[in-house]
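# Coordinate analysis (summary)
Here are the chains, one letter per residue:
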There are 2 protein chains.
Amino acid sequence: MSASEHLVTVMADAVAAFRVLRRSSRSDRARWLTAAADALDADADELTAIAERETHLPEARLRGELLRTTNQLRFFSDVVTDGAYLEATIDHPDPSATPPIPDLRRMLVPIGPVAVFAASNFPFAFSVAGGDTASALAAGNPVIVKIHPGHPELSHRVADRMRTALIEAGAPSGILATVEGRADATALVLHPDTAAVGFTGSIPGGRALFDLATSRPTPIPFYGELGSLNPVVITSDALAERRAVLVEGLVGSFTLGAGQFCTKPGLVFVPRGSGFAVDVAAAAGAVAPQRMLMDRIHDGFRSGAAALSAQPGVVRVEDPHTPAREEDDGQTPLVFSADTAALRADDSVVREECFGPAVVVIEHDGEADLIDAITRLPGGLTATLHAADGEAAHLGTLVAALEDSAGRVLFGGWPTGVAVAWSQHHGGPYPATTSLFTSVGATAIRRFLRPLAFQTAPDAMLPVELRDAPAGIPRRIDGVLRLG
Amino acid sequence: MSASEHLVTVMADAVAAFRVLRRSSRSDRARWLTAAADALDADADELTAIAERETHLPEARLRGELLRTTNQLRFFSDVVTDGAYLEATIDHPDPSATPPIPDLRRMLVPIGPVAVFAASNFPFAFSVAGGDTASALAAGNPVIVKIHPGHPELSHRVADRMRTALIEAGAPSGILATVEGRADATALVLHPDTAAVGFTGSIPGGRALFDLATSRPTPIPFYGELGSLNPVVITSDALAERRAVLVEGLVGSFTLGAGQFCTKPGLVFVPRGSGFAVDVAAAAGAVAPQRMLMDRIHDGFRSGAAALSAQPGVVRVEDPHTPAREEDDGQTPLVFSADTAALRADDSVVREECFGPAVVVIEHDGEADLIDAITRLPGGLTATLHAADGEAAHLGTLVAALEDSAGRVLFGGWPTGVAVAWSQHHGGPYPATTSLFTSVGATAIRRFLRPLAFQTAPDAMLPVELRDAPAGIPRRIDGVLRLG
């Protein structure tokens with residue numbers, strides 16, 4: 001598919017902006033990001049109202065998500081100011097080394113125009129002003145967002161506010177733009193000036209774009225976050241210790257936001273005969289139907305649930321005490337029960353994400369059966385262990401299997417709720433992500449940087465962070481890390 | 001192609017070894033690497049003799065290369081001991097954040113069995129015991145090397161010595177193995193237990209394997225270093241200042257090791273009418289013919305040289321004073337001259353690497369013409385500027401173009417000779433590499449690690465580097481980087 005005239009213009013503007021951005025100072029970029037955050041916060045009422053109308057998510061959630069998003073912009077302002085992300089390294093000459101070391105200095109520099117594919121389920125935090133955009137801008141790259149059709153008015157409004165704030169703060173005019181539609185989405189990934197892609201969405205859609213990005217004459221990195229089952233393991237001792245709390249916590253987590261989170265716990269492993277699924281179904285019966293983001297997503301959920309119901313060995317668990325309800329446009333939470341044999345079956349849909357308020361409770365026959373089942377799961381963003389107090393220390397093999405399967409391992413708690421922090425890792429083995437990187441947290445910036453080494457460069461030709469004078473950032477000098 | 005029984009066994013052993021390695025301590029791995037280095041050094045005489053016979057490279061070069069290789073193993077021992085490469089990060093809970101921050105700790109962990117494709121041209125430094133192997137082992141991964149057919153005896157001998165030393169030092173027996181042949185090479189990349197691939201070789205071979213790695217049901221990272229033109233720009237002021245030194249330096253660099261370096265300067269840009277190519281040809285005439293690594297590589301060089309000669313606008317420059325010589329099995333250096341029009345031609349072979357002792361001197365018509373030509377080059381490992389004293393400061397646009405084109409920019413000097421250092425970056429835009437990483441220097445280790453976050457983990461369940469007690473390594477705690 002060929003690019004629209006709009007995309008051609010947008011990419012030319014991005015290339016022009018990059019010529020300015022690649023020489024921009026860290027302090028300028030930190031200021032721009034803060035200005036963008038302030039501008040979005042100032043329009044919180046209007047933006048939240050549009051988001052509510054377009055996504056059917058509740059106002060309180062949307063206000064919290066907007067604040068998370070603007071705090072994320074401010075967080076990347078801090079990351080840029082801190083400067084450790086540059087990995088600045090200086091080696092003075094050492095003629096005695098084999099081979100000799102010349103004056104050699106290395107740091108990370110921005111890669112160029114970044115394409116960002118917005119997600120449906122976080123209209124602020126994983127959309128136009130979300131983590132991919134924040135980290136790409138912080139690194140010094142222009143961003144072209146392919147907006148999600150689930151919230152087009154919000155996307156344009158956020159982009160306008162953000163672009164205006166960035167430009168008023170001094171950024172070049174081509175720093176941020178949007179495109180929409182399938183043809184431009186494809187053209188954006190294939191455009192020779194696109195340097196990298198950030199993506200949050202489905203496995204089939206993400207894989208198709210990953211394949212496009214890697215099959216280009218000049219392949220580019222494709223940072224996709226595609227899908228995750230987020231298994232939870234609950235031991236019999238944990239059930240004995242706090243069964244009611246676990247039921248309540250699980251129902252809260254898998255129904256939050258109508259289950260439309262990439263970290264929704266989709267599978268829960270319990271010992272056979274624990275009766276846990278029945279308790280979960282009873283508690284889930286008290287959750288009111290919720291309207292999903294889009295009809296297309298609701299249809300996808302219904303198909304996924306139907307496929308689960310149709311699979312031999314999988315049973316829908318319904319609470320006999322829950323009165324039948326008028327669903328209107330809403331979706332009530334669904335609880336399924338299965339055993340590990342159903343998970344092991346060829347083409348088992350139990351191993352596929354069902355995006356929405358559904359959970360499959362899987363009964364296992366002891367630790368060996370459980371660990372074998374865990375190793376058969378596709379890679380995930382998270383894996384959670386609920387053990388009794390002090391019990392985890394005796395579950396080393398299980399914990400190792402959970403660590404192998406995911407990017408974040410939780411000991412207690414629930415995987416929904418992804419903190420924006422220095423330590424966050426929101427990624428994991430394929431298909432959770434298509435790379436070894438995170439899309440949330442400080443190190444998300446590394447995706448949009450490339451190393452550049454300078455050999456025997458005159459001091460004035462070096463970026464300020466690599467000159468002889470102190471740069472006020474952590475640097476490794478002649479092998480020794482120094483703080484400033 | 002299906003895997004041989006040997007490969008099946010080797011991969012099973014690697015998977016078993018990884019279960020041990022993933023829990024190995026940094027101090028153990030540092031010791032293993034040093035033991036391997038010492039063992040190879042102890043056999044320097046024998047190994048050098050085999051290498052000389054198999055590669056036709058001179059003894060002094062091979063002895064230097066072996067020392068570089070063992071020092072590289074020791075360097076990665078230092079990198080592991082230093083521990084900063086783990087990116088250890090600890091966030092204590094902050095319930096006031098939006099969203100709240102739980103106890104969250106992140107570090108890099110090894111990814112699993114790594115496949116390494118050895119290169120022809122560095123029988124030690126980019127082969128069985130080379131940088132890919134050293135960095136993958138340092139990270140805590142088992143390595144399976146696909147040996148290069150150019151030096152099979154040496155490869156097996158080095159692997160035996162290294163494996164024995166590693167195991168005697170305490171490493172698990174499946175830590176290092178070799179495979180050979182096309183069928184197993186393909187099967188290795190496609191094997192479900194292979195977690196990543198390191199590759200040094202040609203563009204067509206590397207791209208084919210990259211395509212395999214990315215088209216797997218579960219794609220894996222393919223770190224390929226494929227090819228580079230390593231352009232050198234010499235200004236008229238630099239020529240005026242030190243013409244003879246530049247001629248001598250260039251000839252030394254492009255004929256070193258019969259030009260069989262990935263950093264060989266293949267293109268040299270000079271102002272039109274400078275007569276530089278004639279001087280280079282005269283100096284190159286004094287270089288004795290050198291035998292190339294393999295007949296296949298020599299044939300490839302002859303084809304590349306013939307294609308250059310056949311391209312309109314490209315002229316072979318021969319020195320009239322150089323007597324005709326008996327070449328036997330050797331190859332005399334070749335000098336070509338062209339202008340930027342020849343470089344711009346569709347399918348110009350001037351834009352392709354000619355692996356061996358050849359250089360193309362390109363005459364340009366001023367800065368705009370030069371910069372345009374640079375921007376048309378494929379991505380490279382290096383780009384070099386020879387300017388007169390103080391002149392570089394006035395060449396900002398040219399320097400920016402060079403920075404965009406390569407991973408290492410040299411101000412003076414020559415690109416051959418790749419120091420093993422903290423600051424090294426041996427990588428660059430495609431096709432120089434297929435990733436944003438280096439294959440030489442401290443950060444090469446990052447290729448074979450993945451982030452893992454622990455949420456609310458009991459202290460005893462954490463890797464020692466993430467526990468509350470001081471770990472003696474740099475860590476970021478609650479946003480503040482601390483040295484130890």
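The structure presented is a predicted model; accordingly, all values stated were derived computationally and were not measured.

Moving on, we come to the overall build of chain A. Along chain A, the regular secondary structure elements total 14 helices and 19 strands. Since a compact globule built from 484 residues should have a radius of gyration of about 23 Å, the 24 Å found for chain A is in line with a globular shape. Principal-axis analysis of the C-alpha atoms gives chain A an extent of 75 × 55 × 40 Å. Classification of the 484 residues of chain A by burial places 57% in the buried group. In chain A, 77% of the contacts between residues at least 6 apart in sequence involve partners at least 24 apart.

All right, on to the environment of Ala36 of chain A then. All names here are of chain A. Tracing the backbone through its elements, the reader meets Ala36 in helix α2 (residues 26–42). Look at Ala36 and you get buried, because 30 C-beta atoms sit within 10 Å. For the pair Ala36 and Ala183, spaced 147 residues apart in sequence, the C-alpha to C-alpha distance is 29 Å. Sequence-distant contacts of Ala36, that is, excluding residues within four places in its chain, are made with Leu73, Met162, Ala165 and Leu166.

Let us look at the sheet that holds strand β6 (residues 196–200) of chain A. Residues and elements named next belong to chain A. The sheet built from five strands is open, its strands ordered β5-β4-β3-β6-β7 with parallel pairing. Every other strand in the sheet has two partners, leaving β5 (176–179) and β7 (222–225) as the edge strands with one partner each. Taken over all neighbouring pairs, the strand axes of this sheet differ in orientation by 15° on average, direction set aside. Pairing of β6 with β7 involves four bridges; the strand directions are parallel. From the neighbouring strand, Val197 faces β7, where its bridge partner is Phe222. Each of β4 (143–146) and β5 touches helix α1 (residues 5–21); the most contacted strand, β5, lies at about 160° to it. Packed onto the sheet, helix α6 (residues 152–168) meets β4 and β5 and runs at close to 160° relative to β5.

Attention now goes to the relation of the copies chain B and chain A. Rotating chain B by 180° and translating it 0.0 Å along the rotation axis places it on chain A, where the RMSD comes to 0.0 Å. This pairing of chains is accounted for by a two-fold axis. Closest approach to the rotation axis within chain B is made by the C-alpha atom of Thr214 of chain B, at a distance of 3.5 Å. Of the residues that chain B buries at the interface, 100% are likewise interface residues in chain A, meaning the two copies contact each other through the same surface.

Before going further, it helps to spend a moment on unusual backbone geometry. Here Thr98 of chain B and Pro99 of chain B are connected by a cis peptide whose omega angle stands at -10°. Checked against the element boundaries, Pro99 of chain B lands in the loop between β1 (89–91) and β2 (104–110). Phi angles above zero are rare outside glycine, and Asp347 of chain A is one such case at about 55°. As for its position among the elements, Asp347 of chain A is in the loop between α12 (340–344) and β14 (358–364). The class for Asp347 of chain A is exposed, based on 7 C-beta atoms found within 10 Å. One non-glycine residue, Ala258 of chain B, lies in the positive phi region at around 55°. For Ala258 of chain B, the position within the fold is in the loop between α9 (236–255) and β9 (267–271). By C-beta crowding, Ala258 of chain B is classed as buried, having 27 other C-beta atoms within 10 Å.

Residue-level contacts link 61 residues of chain B with 61 residues of chain A. Of all the secondary structure elements, the ones that give two or more residues to the side of chain B that touches chain A are α4 (59–82), β1, β2, α14 (396–405), β16 (406–411) and β17 (449–455) of chain B. For the side of chain B that touches chain A, the per-class residue count stands at 33 nonpolar, 20 polar and eight charged. Pairing geometry for strand β17 (residues 449–455) of chain A and β16 of chain B, over three bridges, is parallel.

A few words on the packing of helix α2 (residues 26–42) of chain B against α4 of chain B. Residue and element names in this part refer to chain B. Remark: α2 packs on α4, axes separated minimally by 8 Å, with the N-to-C direction vectors making an angle of 170°. Between α2 and α4, the crossing angle belongs to the class labelled roughly antiparallel. Contacts between α2 and α4 involve Arg26, Arg29, Ala30, Leu33, Thr34, Ala36, Ala37, Leu40 and Asp41 on the former and, on the latter, Leu66, Thr70, Leu73, Arg74, Phe76, Ser77, Val80 and Thr81. Residue composition of the contact of α2 with α4, by class: nine nonpolar, four polar and four charged.

Attention shifts here to the domain arrangement of chain A. When the parts of a complex come together, some accessible area is lost, and that lost area is often used as the size of the interface. Residues and elements named next belong to chain A. Partitioning chain A into structural domains gives domain 1 (5–226 + 435–482) and domain 2 (232–411). Each of domain 1 and domain 2 was reduced to a C-alpha centroid, and the two centroids are 35 Å apart. At the interface, eight residues of domain 1 touch eight residues of domain 2. Partitioned by chemical class, the residues of the side of domain 1 that touches domain 2 number one nonpolar, five polar and two charged.

Let us look at the nonpolar core. Core analysis: the biggest nonpolar cluster contains 322 residues, and Val280 of chain A together with Val280 of chain B have the highest contact counts within it. Apart from residues lying up to four places away in sequence, Val280 of chain A is in contact with Val247, Leu250, Val251, Val335, Val359 and Val361 of chain A.

Here the focus is the packing of helix α4 (residues 59–82) of chain A against helix α5 (residues 131–139) of chain A. Residue and element names in this part refer to chain A. For the pair α4 and α5, interaxial distance at closest approach is 9 Å and the crossing angle is 25°. In terms of orientation, α4 and α5 fall into the roughly parallel class. Crossing angle aside, the handedness with which α4 passes α5 is right-handed. Note on element contacts: α5 touches α4 through Gly131, Ala134, Ser135 and Ala138, opposite Gln72, Leu73, Phe76, Val79 and Val80. Here the residues of the contact of α4 with α5 sort into six nonpolar, three polar and no charged.

What follows covers the pairing of β4 of chain A. All names here are of chain A. Residues Val143 and Val145 line one face of β4 and the alternating positions Ile144 and Lys146 line the opposite face, and both faces are buried. As judged from the four bridges shared by strand β3 (residues 114–117) and β4, these two strands associate in the parallel manner. Residue Val114 lies in a different strand from β4, and its bridge partner there is Val143. Handedness of the β3-α5-β4 crossover: right-handed. Of the pairings in the sheet, the one linking β4 to β5 comprises four bridges and is parallel in character. Paired with Val143 across the strands is Leu176, a residue of β5. Crossover β4 to β5 through α6 is right-handed.

Residues and elements named next belong to chain A. Counting buried positions over the six residues of strand β13 (residues 334–339) gives five, a clear majority of the element. The sheet contact formed by strand β11 (residues 315–316) and β13 spans two bridges and is antiparallel. Note on β13: the bridge partner recorded for Val315 is Ser337. As paired elements, β13 and β14 share six bridges and run parallel to each other. Paired with Phe336 across the strands is Val360, a residue of β14.

Residue and element names in this part refer to chain A. Taking 1.5 Å of rise per residue, 13 residues should cover 18 Å, and helix α8 (residues 203–215) covers 18 Å from first to last C-alpha, within 8% of that figure. Here α8 has its buried residues at Gly206, Leu209, Phe210, Ala213 and Thr214. Projected down its long axis, α8 shows its buried positions confined to an angular sector of 130°, all on one face. For α8, exposure combined with an orientation more than 90 degrees from the buried face picks out Pro204 and Ser215.

All names here are of chain B. Here helix α13 (residues 367–375) has its buried residues at Leu370, Ala373 and Ile374. Buried positions in α13, seen along its axis, are confined to an arc of 100° and lie on one side of it. Set apart from the buried face of α13 by more than 90 degrees, the exposed residues are Ala368 and Thr375. Those residues of α13 that are buried lie in contact with β8 (232–234), β9, α12 (340–344), β14 (358–364) and α14.

Another aspect to go through is the confidence of the model for chain A. In this model, chain A carries an average pLDDT of 96, and 99% of its residues clear a pLDDT of 70 or more. Here the predicted complex scores 0.97 on pTM and 0.97 on ipTM.

Calculation notes
Residues numbered from 1 in each chain as written. Chains lettered and ligands numbered in written order. Predicted model: local features only at pLDDT ≥ 70, side-chain atom pairs only at ≥ 80, totals over all residues. Helix = DSSP H or I, 4+ residues; strand = E, 2+ residues; numbered from the N terminus. Rg over C-alpha atoms; globule rule 2.2 N^0.38 Å. Buried ≥ 20, exposed ≤ 12 C-beta atoms within 10 Å, placed from the backbone. Contact = placed C-beta atoms within 7 Å. Pairing = 2+ DSSP bridges. Axes fitted to C-alpha atoms, helices over the stretch in contact; angles between N-to-C directions. Least-squares fit on C-alpha atoms with pLDDT ≥ 70 in both. Nonpolar A, V, L, I, M, F, W, Y, C, P; charged D, E, K, R; others polar. Parallel < 35°, antiparallel > 145°, perpendicular 65-115°, else oblique. Domains from an automatic or database assignment. Core = buried A, V, L, I, M, F, W, Y, C linked by C-beta atoms within 7 Å. Left-handed = near helix turned anticlockwise from the far one by under 90°. Right-handed = clockwise from strand over helix to strand, strands pointing away. Expected span 1.5 Å × (residues − 1). Arc of directions from axis to C-beta. pLDDT = per-residue confidence, 0-100.

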